[in-house]
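Coordinate analysis (summary)
Chain residues, written in single-letter form:
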Amino acid sequence: MAKKFDIKNVSMVFLPFVPAHVEYFKSGKHYLGKMKDGEWYIFWYFNDGHDEYLQTSDDMTYFKLDDLEYWAQLPKLEK
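Rules used in this analysis
Residues numbered from 1 in each chain as written. Predicted model: local features only at pLDDT ≥ 70, side-chain atom pairs only at ≥ 80, totals over all residues. Heavy atoms only, no water. Core = buried A, V, L, I, M, F, W, Y, C linked by side-chain atoms within 4.5 Å. Buried < 20%, exposed > 50% of the residue type's maximum accessible area, 1.4 Å probe, protein only. Helix = DSSP H or I, 4+ residues; strand = E, 2+ residues; numbered from the N terminus. Contact = heavy atoms within 4.5 Å. Pairing = 2+ DSSP bridges. Phe/Tyr/Trp six-rings, centres within 6.5 Å; stacked < 30°, edge-to-face > 60°. Patch = residues over 30% accessible without salt bridge, like charges linked within 9 Å, V, L, I, M, F, W, Y side chains within 5 Å. Areas by Shrake-Rupley, 256 points an atom, 1.4 Å probe, with all protein chains shown as cover. Salt bridge = Lys/Arg side-chain N within 4 Å of Asp/Glu carboxyl O. Lys, Arg positive; Asp, Glu negative; His and termini not counted. Charge placed at Lys NZ, Arg CZ, Asp CG, Glu CD.

1. Topic: the nonpolar core
Membership of the largest hydrophobic core is limited to 12 residues, which are F17, V22, F25, Y31, M35, F43, Y45, L54, F63, L65, L68 and W71. Only α1 (22-25), β2 (31-35), β3 (40-47) and β6 (68-73) provide two or more residues apiece to this core. L65 has contacts with F17, V22, E52 and L54, leaving out every residue within four places of it along the chain.

Encoded structure:
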């Protein structure tokens, strides 16, 4: 028998990206963002000691900070 899942609607506030928002990203949390190419990704901040990136769950997919158009912190969902 297939497992049933509860569907929850959660409101999220998306902010247009400005460079000052990088300080929020340094918290290590995951975010949902819309890139300037129109694609949506879950990302987190990554700094390799030389450059800053937005890393996705695919280790080969990352973006420069300037590629981000809108972002929101992923909400905590109760179980």
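2. Quick word on the sheet that holds strand β4 (residues 52-56)
Here six strands make up an open sheet; going across it, the order is β1-β6-β2-β3-β4-β5 and the pairing antiparallel. Looking at strand neighbours, the two that pair on one side only are β1 (15-16) and β5 (62-64), the edges of this open sheet. As paired strands, β3 and β4 are joined by five bridges and run antiparallel to one another. Residue pairing across strands places N47 opposite E52, the latter belonging to β4.

3. Some thoughts on the packing of aromatic side chains
All chains considered together, the criterion is met by 10 aromatic pairs. Where F25 meets W71, the ring centres are 5.0 Å apart and the plane angle is 85°; that geometry is what we call edge-to-face. Pair noted here: F25 is in helix α1 and W71 is in strand β6, with a separation of 46 residues, a long-range link. For W71, a relative accessible area of 5% translates into the label buried. Among the aromatic residues, those joined into a ring-pair cluster are F17, Y24, F25, Y31, F43 and W71.

4. Comments concerning a negative patch on the surface
On the surface, a cluster of negative charge is contributed by D37, E39, D66 and D67. One can find D66 in the loop between β5 and β6. Given a relative accessible area of 58%, D66 falls into the exposed group.

5. Some thoughts on a nonpolar patch on the surface
On the surface, a cluster of nonpolar side chains totalling about 290 Å² of accessible area is made up of F14, W40 and Y70. As for its position among the elements, Y70 is in strand β6.

6. Considerations on the pattern of salt bridges
What the rule picks out here adds up to two salt bridges. A salt bridge links K34 to E69, with the shortest nitrogen-to-oxygen separation between them at 3.1 Å. Within this pair, whereas K34 is found in strand β2, its partner E69 is found in strand β6, the two being separated by 35 residues in sequence. In this structure E69 comes out as partly exposed when scored by relative accessible area, which is 28%.

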